[in-house]
Amino acid sequence: MPTSQPLLLSPAPSKCSLEMLTHHYGDVYEHSPWVAEAAWQHGLNEAHDSPDALAELMGLMLQQASSEQQIRVIQAHPDLAGKAAMAGELTQDSTSEQVGAGLDQCSPEEFARFEALNTAYKEKFGFPFVIAVKGLDRHAILAAFEERLNNDGATERQTAIEQIIRIARFRLIDRATKS
């Protein structure tokens with residue numbers, strides 16, 4: 001019975017200098033290279049060459065960050081189906097993730113609903129709605145959006161951080177499968 005090779009990142013994070021790690025993996029967290037820097041400073045070994053292990057460590061760095069740092073990471077994310085997406089101003093990762101969820105195929109009514117929800121959400125929480133869209137369609141995303149608007153601020157900040165960690169894991173796995 002053939003055994004599959006473990007999924008590994010290239011370049012191997014355990015072999016990277018701080019600058020090299022930041023160059024290759026610093027953008028996994030939207031406009032927040034400090035998360036990769038914190039992981040490097042924590043210490044990387046060969047186990048961290050797998051996307052899951054690096055995602056776990058980077059997620060821990062974000063979980064242990066101050067609430068102010070966490071909010072800045074959340075705020076670095078674009079609105080879903082928002083003006084930046086329409087104008088083509090998203091990062092490459094965000095663009096492909098939103099397209100993969102069909103957010104570029106929204107009807108005018110759905111775009112209007114996203115815009116209204118984005119506004120209501122930011123007014124309530126002070127940061128954009130973040131969800132790992134991989135495997136979801138726009139209908140599921142809109143339903144989650146409406147449900148999460150009922151959360152309190154602390155719950156929603158933690159939920160957003162958990163979603164950001166999922167996004168980072170998906171991005172690392174995607175990079176490992178392409179290398």
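Quick caveat: nothing in here was measured; it's all calculated off a predicted structure.

## Structural notes on the environment of Gln-75
- Mapped onto the elements of the fold, Gln-75 is located in helix α4 (residues 67–75).
- Sequence separation between Gln-75 and Lys-122 is 47 residues, and the spatial gap between their C-alpha atoms is 9.7 Å.
- Leaving out residues up to four positions away in the same chain, Gln-75 has contacts with Gly-126, Phe-127 and Pro-128.

## Considering unusual backbone geometry
- The step from Ser-10 to Pro-11 runs through a cis peptide bond, and the omega angle for that step is 5°.
- The residue Pro-11 is located in the segment before α1 (18–25) in this model.
- Of note, His-31 is a non-glycine position whose phi angle comes to about 50°, a positive value.
- In this structure, His-31 sits in the loop between α1 and α2 (34–42).
- The class for His-31 is exposed, based on a relative accessible area of 61%.

## Describing the pattern of salt bridges
- Counted according to the given criterion, the structure contains 13 salt bridges.
- Here Glu-156 makes a salt bridge to Arg-148, at a shortest N to O gap of 2.5 Å. Comparing Glu-156 with Arg-148, the two get one shared label, buried.
- One network of salt bridges, in which partners are shared, links Asp-27, Glu-30, Asp-93, Glu-97, Arg-171 and Arg-175.

## Quick word on the nonpolar core
- Within the largest apolar cluster, 48 residues are counted, with the highest numbers of intra-cluster contacts made by Tyr-29, Met-58, Phe-114 and Ile-141.
- Of all elements in the fold, only α1, α2, α3 (51–63), α4, α7 (108–125), α8 (138–148) and α9 (153–178) reach the threshold of two or more residues within this core.
- At eight residues, the largest contribution of residues to this core is made by α9.
- Every residue in contact with Tyr-29, bar those within four places of it in the chain, is listed here: Val-35, Ala-55, Met-58, Gly-59, Leu-62, Val-73, Ile-164, Ile-165 and Ala-168.

## Observations concerning the side chain of His-77
- As for its placement among the helices and strands, His-77 is situated in the loop between α4 and α5 (83–86).
- Judged by its relative accessible area of 8%, His-77 is buried.
- From its side chain, His-77 meets the backbone oxygen of Val-73 in a polar contact 3.0 Å long.
- With sequence-adjacent residues up to four places away left out, His-77 is seen in contact with Glu-30, Pro-128, Val-130 and Ile-164.

## Some thoughts on the environment of Val-28
- Within the element layout of this structure, Val-28 appears in the loop between α1 and α2.
- Not counting residues within four places of it along the chain, the set of residues in contact with Val-28 comprises Met-58, Ala-168, Arg-171, Leu-172 and Arg-175.

## Digging into the packing of α7 against α8
- Look at α7 against α8: their axes get within 10 Å of each other, and the N-to-C directions meet at 30°. Classed by the angle they form, the pair α7 and α8 counts as roughly parallel. The way α7 lies across α8 gives a crossing that is left-handed. In this structure, α7 uses Glu-110, Arg-113, Phe-114, Leu-117, Asn-118, Tyr-121 and Phe-125 to contact α8, whose residues at the interface are Arg-138, His-139, Ile-141, Leu-142, Phe-145, Glu-146 and Arg-148.
- Looking at the contact of α7 with α8 residue by residue, the class counts come to seven nonpolar, two polar and five charged.

## Considerations on α4
- Within α4, the full set of buried residues consists of Gln-70, Val-73 and Ile-74. Along α4, the residues classed as buried sweep out an arc of 100° about the axis, all on the same side.
- Lining the buried residues of α4 we find α2, α3 and α9.

Each value, and the rule that gives it
In this numbering scheme, every chain counts its residues from 1 along its sequence in written order. Where local features are concerned, this predicted model is filtered to residues with pLDDT of at least 70; where side-chain atom pairs are given and counted, the filter is 80 or more; whole-chain, interface and lining totals use all residues. Side-chain numbers here rest on the full set of heavy atoms in the structure, without hydrogens or water. Secondary structure elements follow DSSP: runs of H or I of four or more residues count as helices, runs of E of two or more count as strands, with numbering from the N terminus. Working rule for contacts: check all heavy atoms of both residues, and any pair within 4.5 Å makes them a contact. The buried label goes to any residue with under 20% of its type's maximum accessible area, the exposed label to any with over 50%, and the partly exposed label to all in between, with areas taken from a 1.4 Å probe on protein chains only. By salt bridge we mean one thing: a side-chain nitrogen of Lys or Arg within 4 Å of a carboxyl oxygen of Asp or Glu. Buried Ala, Val, Leu, Ile, Met, Phe, Trp, Tyr and Cys residues form a nonpolar core when they are joined through side-chain atoms within 4.5 Å. Residues adjacent in sequence count toward polar contacts only when both atoms are side-chain atoms; beyond that, a polar contact is any pair of N or O atoms within 3.5 Å, and within protein one must be able to donate a hydrogen and the other to accept it. To define axes, lines are fitted to C-alpha atoms, for helices over the stretch in contact only, and angles between the resulting N-to-C directions are given on a 0 to 180 degree scale. Oblique is the label for every angle not falling under 35 degrees (roughly parallel), over 145 degrees (roughly antiparallel), or within 65 to 115 degrees (roughly perpendicular). Crossings are assigned a handedness: left-handed for a near helix turned anticlockwise from the far helix by less than a right angle, right-handed for a clockwise turn. The residue classification treats Ala, Val, Leu, Ile, Met, Phe, Trp, Tyr, Cys and Pro as nonpolar and Asp, Glu, Lys and Arg as charged. All others, Gly included, are polar. What the arc describes is the spread of directions from the helix axis to the C-beta atoms.

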